[in-house]
Amino acid sequence: MAFAHAHGSAGPQRSGVAVVAPVKDDREARAASEPVSDPRGQRRASALGALVGGAIVALIALAAVCAPLIAPHDPLAQDLLSLNQGPSAAHLLGTDHLGRDVFSRLVMGARVTLLVGLGGTCVAFVLGAVCGLTALALGRIPEAIVFGAIDVVRAMPGILLALLLIVAIGAGTGPVLLALGLSYAPHFAYVARAAYKREAAQDYVRAAGLFGGGRLHVLSLHILPNVMGGLITQGAIILPRCIVTESVLSFLGLGSSPDAPTWGRMVSDASRYLEIAPHAILIPVLALIALTVSLLLVGDAVRAHLDPLRRVQAAKGAA
Amino acid sequence: MKSPSLTLDRRQLMLGAATASLVAVMPVSLSAQEAASRGGVLRYATLGLDTSDPHRHTGSIAVQQLYVEALTSIGPDGRVEPFLAEGYEVSDDGLTYTFALRDGVTFHNGDPVTAEDVVANVERVRTNVKGGWLASAMKLVDGVNAPDDRTVVIAMKEPYAPLANLLSELWIVSPKSDGWNETITTPIGTGPFVFGEWKPQISLYAPAYKGYWRGDMPYLDAVEANLREDLDKSGAMRVGDLHIASVPRDEARQLAKSGDIHVSQLKDSTWYFVSFNNRKPRPPFDDPRVREAIMYAVDKQAFMNFLAGDDGVVTNQLVMPGHVYFDQGLHDADKHAKPDLEKAKAMLAEAGVKPEEITIEFLSWQENYPQVVVQMVRQLGFKVNHVALDDLGAQNRLGQYDWDMNAMASGPRADIFLRFVRLMSNGPNPVLWGGVQDPELDAIVEKAVAETDEAKRKALYLKAWDRVMDNYYTVVLGHAANTIAIREEVQGYEPGFTWSPNWATGGIAQTWLKQD
């Protein structure tokens, strides 16, 4: 996938300009000359972390996909005679302040939580990376306009920007995704610009231009495969941040609809009943911690895997 | 007509009112004197303070009545009682109100309160203040004058029954107050405490006024009102950082278990209701049959149990049982006292409504109780898009009339008219009730307001409420009082009828702190 030309496949070869392989660039030369700083024990710990993290993420994703089959109750159904009940046979993880089954809400909440995480990250990717790269390819004026706007967005704290947007356009899943996307778009844009500038200075890109490739053609076929690694890594970092931000927005009552079973909303709702129903807040908090830590572990592993510098170091260490 | 608490003869009226005031104040005063310790700062947190100008307030009255008082106040039973006036008289035609001012009342700058001062305050509200609760009353004032130093006469263009009650919120401030001609920045009132240092949204420090007119009150050195919206009142009450605070009912229950805090309630209720969009209703919610069917899905008893436990009262009226405007017959005939899902579904089918094809746009504040109503409505098969907003956001969205239903609440009021006025075509801030536009309803309420006989007035108000119920403009779910937590060291304080902390026969003036 990413760095396709480095593996001797796809774009650069089809366009006939893969004669200057970026694998030979100065990064790799520098990496080859540097001592290996990643001991095997550390790598094994990292791999184990990624494995455990990946397993947890997979479990949560599976629960989200099969939620209607797993959830024993309708997550919205209220039993007003069984408020704030502890775990029991009828309610595996107890009930909340409206008599709703906490386990069912947790399982169904995984759907919304993951949807918001993935959706927010995708919106941020499109707004930041796609718009940013397109503007960069089109020249200085589009670059100045798009990155000027991104600088303005970046100047505001993310949560504040999301709050303002939600207040302006209303609550709900759609507005939340847009708010998250706008808030995190600059992260993708800056990574994309740095990678673009680096790659655009490479000879193979110049050669592609000389052979008559248009700006967008060069971008899509030659530059994009070389910047995707960094962007995917960035996605792995942004995704848990989107989940946490949605939790904050839900906690403030500005996220999804009031009865939507998101984990953030569950925390927010249960916070008033901390004394009489601690289980109702503890369970979604633990789930949130597990998911975000796991995503970070997986993201770290993906970054390590996609970073050519590390790959070269690892190869040298193995040798 | 005379006001209910007054005699026909003016001299007797003055004597009777003065005696009644003394009787009302003295027992508390004497009993308090026996055990009261003086001193201490009472820390208090209920609602906020939106302006330093008492005549321009649009928010709550929970703080400003520490330092300003009015000709009348609302007693714990909801009846109007003379306050800065010793008594008042209403002419038989209901057009002339004559107030006899109390002797010995001084402003915080030491000046005695004169009839001219009161006239100046009424004129200021009439001419300088636009909108607000007193707007409709002030439009009907023909003139106000002071025939002598102790008497104020307000002449009305037409009878207006709520006037005496509404005057409990026309606070008398010295015309020497800073900003009198524009916005008063430092109100010089007559209350037991002085407008001291105000930090908006943070606090008001109000030291005691030593020249206060009620015996040797106040007993406290000062009151510090905490105005922070993000304050954890329950936590502050537990550790003793607050002495008196309004807290949600579920938190109040927990506080009551702590042993050094007891919980009381405001004497008037907050009423909970469902309103439909009446200004721009979209089909099928413009059909009263559909509204009626939806309300058959709402279990009012379960709702009130959830909201207030045993303290909740299920009814179909604007006031609680026991209130002068409560009607037992109407209460007993409540069609929605019990839910009937089958009937609801049958009615919808009869009206040609397929609920599964309709999404109800449902608005509320960010509270728990609307979710209960939403879930009950979903039982009929409707999809519900529930949008929960903060106070300002809800106000804005409700005013756009692009919604179908809401579930809201409204707090204590000095007079029942202030509940009906929200249902009138030109009423202030009618959005919570869906912006009713009904000239016939307006006419009935206007007749009620102008009616000087209390029994006939009640009949007219009930007729107006019948019309509201028949058209399903708003459906009352029930009533519950606001809960107030009070630490045990606070003595001589019991919440009043409204949020006001000070009234003629009780309140914060007679409150003291038990010393360790």
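Within any chain, residue numbers begin from 1 and follow the written order of that chain's sequence. Each chain gets a letter, beginning with A, and each ligand a number, beginning with 1, in the order they are written. Only residues with pLDDT of at least 70 are given local features in this predicted model, and only at 80 or more are side-chain atom pairs given and counted; all residues enter the totals for whole chains, interfaces and linings.

**Re the overall build of chain B**
In step 1: For chain B, the helix and strand inventory stands at 15 helices and 22 strands.
In step 2: Taking 24 Å as the expected radius of gyration for a compact globule of 516 residues, we find that chain B reaches 24 Å, a close match to that expectation.
In step 3: Along the first, second and third principal axes, the C-alpha set of chain B runs to 70 × 55 × 40 Å.
In step 4: Any residue with 12 or fewer other C-beta atoms within 10 Å of its own C-beta is exposed, any with 20 or more is buried, and the rest are partly exposed; the C-beta atoms used are placed from the backbone. In chain B, which comprises 516 residues, the proportion classed as buried is 50%.
In step 5: Any residue pair is listed as a contact if its two C-beta atoms, each placed from the backbone, are within 7 Å. Here the analysis covers contacts within chain B between residues at least 6 apart in sequence; of these, 69% occur between residues at least 24 apart. Helix and strand definitions here come from DSSP, where helices need a minimum of 4 consecutive H or I residues and strands a minimum of 2 consecutive E residues; each element is numbered from the N-terminal end. Atoms counted for the radius of gyration: C-alpha only. Globule rule: 2.2 Å times residue count to the power 0.38.

**Section: the interface of chain B and chain A**
In step 1: Taken residue by residue, the interface counts 15 residues in chain B and 14 residues in chain A.
In step 2: Of all elements in the fold, only helix H6 (249–256), helix H8 (300–308), helix H11 (369–378) and strand S16 (383–389) of chain B reach the threshold of two or more residues within the side of chain B that touches chain A.
In step 3: The element best represented in the side of chain B that touches chain A is H11 of chain B, accounting for four residues.
In step 4: By the convention adopted, Pro, Cys, Tyr, Trp, Phe, Met, Ile, Leu, Val and Ala count as nonpolar, Lys, Arg, Asp and Glu as charged, and the other residues, Gly among them, as polar. By residue class, the composition of the side of chain B that touches chain A is six nonpolar, eight polar and one charged.

**Regarding the pairing of strand S5 (residues 85–90) of chain B**
In step 1: Of all the six residues making up S5 of chain B, six are buried; the element is thus mostly covered by neighbouring parts of the structure.
In step 2: Hairpin connection, S5 of chain B to strand S6 (residues 96–101) of chain B: the antiparallel pair is bridged by five residues, and Gly94 of chain B has positive phi, about 75°. A pair of strands is considered paired only if DSSP assigns at least 2 bridges between the two.

**Overview of the pairing of strand S8 (residues 151–156) of chain B**
Residues and elements named next belong to chain B.
In step 1: In S8, alternate side chains face the same way, and those of Val152, Ile154 and Met156 are buried while those of Thr151, Val153 and Ala155 on the opposite face are not.
In step 2: Bridge analysis of strand S7 (residues 141–148) against S8 gives five bridges, and the strand direction is antiparallel. Residue pairing in the sheet places Asn145 in a bridge with Val153 of S8.
In step 3: Counted along the chain from S7 to the antiparallel partner S8, the turn is two residues long.

**What to know about the packing of helix H6 (residues 140–154) of chain A against helix H8 (residues 173–200) of chain A**
Residues and elements named next belong to chain A.
In step 1: Comment: axis = line fitted to C-alpha atoms, over the contacting stretch for helices; angle = value between 0 and 180 degrees taken between N-to-C directions. Two elements in contact, H6 and H8, have axes whose closest approach is 9 Å; the angle formed by their N-to-C orientations is 130°. By the angle class used here, H6 and H8 are oblique. When you trace H6 past H8, the crossing you get is left-handed. Side by side, H6 and H8 meet where Phe147, Ile150, Val153 and Arg154 of the first sit next to Leu182, Ala185, Pro186, Ala189 and Arg193 of the second. For this classification, under 35 degrees means roughly parallel, over 145 means roughly antiparallel, 65 to 115 means roughly perpendicular, and everything else is oblique. Note on convention: near helix rotated counterclockwise from far helix by under a right angle means a left-handed crossing. Clockwise means right-handed.

**Brief notes about the sheet that holds S5 of chain B**
Paired through their backbone hydrogen bonds, the strands of a sheet run either parallel or antiparallel.
All names here are of chain B.
In step 1: Taken together, the four strands give an open sheet; going across it, the order is S5-S6-S8-S7, and neighbouring strands pair in antiparallel fashion. Either end of the sheet is taken by a strand with one partner, and the two such strands are S5 and S7. When strand polarity is set aside, the average angle formed by the axes of neighbouring strands in this sheet is 20°.
In step 2: Against the sheet, helix H2 (residues 115–128) contacts S6, S7 and S8, and its axis sits at roughly 165° relative to S7.

**Here we look at unusual backbone geometry**
Residues and elements named next belong to chain B.
In step 1: Of note, the bond from Met217 into Pro218 is cis; its omega dihedral lies within 30 degrees of zero at 0°.
In step 2: You can see Pro218 is positioned in the loop between strand S11 (203–207) and strand S12 (222–226).
In step 3: Between Pro283 and Pro284 the backbone carries a cis peptide bond, its omega angle lying at 0°.
In step 4: Tracing the backbone through its elements, the reader meets Pro284 in the loop between strand S14 (261–276) and helix H7 (288–296).
In step 5: The phi angle at Gln201 is positive, at roughly 65°, despite the residue not being glycine.
In step 6: Structurally, the position occupied by Gln201 is in the loop between strand S10 (197–199) and S11.
In step 7: Not every positive phi belongs to a glycine, and Tyr401 is a case in point at roughly 50°.
In step 8: Its place among the elements puts Tyr401 in the loop between helix H12 (391–398) and strand S17 (405–410).
In step 9: Of the residues examined, Tyr401 has 15 C-beta atoms within 10 Å and is grouped as partly exposed.

**What to know about the sheet that holds S10 of chain B**
Residues and elements named next belong to chain B.
In step 1: The 10 strands lie next to each other as S10-S11-S12-S1-S13-S18-S14-S17-S15-S16, forming an open sheet whose pairing is mixed. The outermost strands of the open sheet, each flanked by one partner alone, are S10 and S16. With strand direction ignored, the average angle separating the axes of adjacent strands in the sheet is 20°.
In step 2: In this sheet, S17 lies alongside S14 in antiparallel orientation, the contact comprising six bridges. Each residue of the ladder has a partner; that of Phe273, found in S17, is Met408.

**Here we look at the confidence of the model for chain A**
In step 1: Looking at any residue, its pLDDT shows the predictor's confidence there, from 0 to 100. Mean pLDDT over chain A stands at 79; residues scoring 70 or higher make up 80%.
In step 2: At the low end of the mean pLDDT range in chain A sits helix H1 (residues 11–14) of chain A, at 36; at the high end sits helix H4 (residues 67–70) of chain A, at 93.

**Looking at the environment of Asp332 of chain B**
Residue and element names in this part refer to chain B.
In step 1: You can see Asp332 is positioned in helix H9 (residues 328–332).
In step 2: When the 9 C-beta atoms within 10 Å are taken as the criterion, Asp332 is described as exposed.
In step 3: For the pair formed by Asp332 and Arg124, sequence separation is 208 residues and the distance between their alpha carbons is 46 Å.

**A short note on H11 of chain B**
All names here are of chain B.
In step 1: Among the 10 residues in H11, 10 count as buried, and that is most of the element.
In step 2: By the burial criterion, the buried members of H11 are Tyr369, Pro370, Gln371, Val372, Val373, Val374, Gln375, Met376, Val377 and Arg378.
In step 3: The secondary structure elements touched by the buried residues of H11 are S14, H7, H8, strand S15 (359–365), S16 and S17.

**Here's the deal with the environment of Cys66 of chain A**
In step 1: If you trace the backbone, Cys66 of chain A turns up in the loop between helix H3 (40–65) and H4.
In step 2: The class of Cys66 of chain A is exposed, set by 12 C-beta atoms lying within 10 Å.

**What about the packing of helix H14 (residues 439–450) of chain B against helix H15 (residues 454–471) of chain B?**
Residue and element names in this part refer to chain B.
In step 1: Running from N to C, H14 and H15 point in directions that differ by 160°, and their axes come no closer than 8 Å. Put simply, H14 runs roughly antiparallel to H15. As for the relative orientation of H14 and H15, their crossing is left-handed in sense. Seen from H14, the contacting residues are Glu440, Leu441, Ile444, Val445, Lys447 and Ala448; seen from H15, they are Arg457, Leu460, Tyr461, Lys463, Ala464, Arg467 and Val468.
In step 2: For the contact of H14 with H15, the residue count by class is eight nonpolar, no polar and five charged.

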